[in-house]
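Here are the chains, one letter per residue:
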Amino acid sequence: TRALERQKAKMLTTPPKKKIPIPQRSLKGAEQHKELLKVKHEVRQNAFDNNEYYCKGCGKATGLDCSHNVGVGQTNELSKDYDNLVLLCRLCHIKYESNDPKLMTELLCIDLILEYLRINNPERYYKKMYKLNRL
């Protein structure tokens, strides 16, 4: 018990160590992220201005994410392409990202996404089509 008392006293008298924030991105990565956020904002604003601010997967108008047809990790040059972004609610975004053919075919916009992939990333398109045709 004396050891516990000494430990508590030490904790109360010793100032806490300052946490040093660890940068999550390089300067170049931070700049690219800032540009991507700007593009996403413009996509949302454009959809709002044109009365198209709803989930393209199910039609709901709440909690919308900008989802990439071709992911940022797969190709950087398409990450800021307006046509590569589609507004999806969180549930539809999860369905698309799951790569589960049954869930993906529930999305109302799957044909639009597949057409974009066919034109801009044929390899990914054929992989998705292979999964979808195995149903």
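Residues numbered from 1 in each chain as written. Predicted model: local features only at pLDDT ≥ 70, side-chain atom pairs only at ≥ 80, totals over all residues. Heavy atoms only, no water.

Report on the environment of K102, specifying residues and quantitative values.
The topology assignment puts K102 in helix α4 (residues 101-104). Residues K102 and L132, spaced 30 residues apart in sequence, show a C-alpha to C-alpha distance of 7.8 Å. (Helix = DSSP H or I, 4+ residues; strand = E, 2+ residues; numbered from the N terminus.)

Give me the lowdown on the packing of helix α5 (residues 110-120) against helix α6 (residues 122-133), citing residues and values where you can.
For the pair α5 and α6, the least separation of the axes is 6 Å and the interaxial angle reads 135°. Taken together, the axis directions place α5 and α6 in an arrangement best described as oblique. Contacts from L114, L117, R118 and N120 in α5 reach P122, R124, Y125, K128, M129 and L132 in α6. The residue makeup of the contact of α5 with α6, split by class, is six nonpolar, one polar and three charged. (Axes fitted to C-alpha atoms, helices over the stretch in contact; angles between N-to-C directions. Parallel < 35°, antiparallel > 145°, perpendicular 65-115°, else oblique. Contact = heavy atoms within 4.5 Å. Nonpolar A, V, L, I, M, F, W, Y, C, P; charged D, E, K, R; others polar.)

Lay out the packing of aromatic side chains in plain terms, naming residues and giving numbers.
For the structure shown, the criterion picks out two aromatic pairs. Ring centres of F48 and Y53 lie 6.1 Å apart, and the angle between their planes is 80°; this geometry places the pair in the edge-to-face category. Between Y125 and Y126 the ring centres are 5.1 Å apart and the planes differ by 70°, which places this aromatic pair in the edge-to-face class. We note K56 situated over the ring of Y54; from NZ or CZ to the ring centre the distance is 4.1 Å. (Phe/Tyr/Trp six-rings, centres within 6.5 Å; stacked < 30°, edge-to-face > 60°. Lys NZ or Arg CZ within 6 Å of the ring centre and 35° of its normal.)

Break down helix α3 (residues 90-98) for me, with residues and values.
When α3 is considered as a whole, its buried residues turn out to be C92, H93, K95 and Y96. Across the axial projection of α3, the buried residues extend over an arc of 160°, all falling on one side. Close packing links the buried residues of α3 with β1 (64-68), β2 (85-89), α4, α5 and α6. (Buried < 20%, exposed > 50% of the residue type's maximum accessible area, 1.4 Å probe, protein only. Arc of directions from axis to C-beta.)

Talk me through the side chain of K95; I want residue IDs and the actual numbers.
Relative to the elements of secondary structure, K95 occurs in helix α3. The buried category is assigned to K95, whose relative accessible area is 17%. In this structure the side chain of K95 is engaged in a polar contact, spanning 2.7 Å, whose partner is the side chain of E106. Not counting residues up to four positions away in its chain, the partners in contact with K95 are L103, M104, E106 and L107. (Polar contact = N/O pair within 3.5 Å; in protein donor to acceptor, adjacent residues only side chain to side chain.)

Describe in detail α6, supporting the description with residues and values.
With 12 residues, α6 ought to run about 16 Å at 1.5 Å a step, and its terminal C-alpha atoms sit 16 Å apart, in line with that. Each element contacted by the buried residues of α6 is listed here: α3, α4 and α5. (Expected span 1.5 Å × (residues − 1).)

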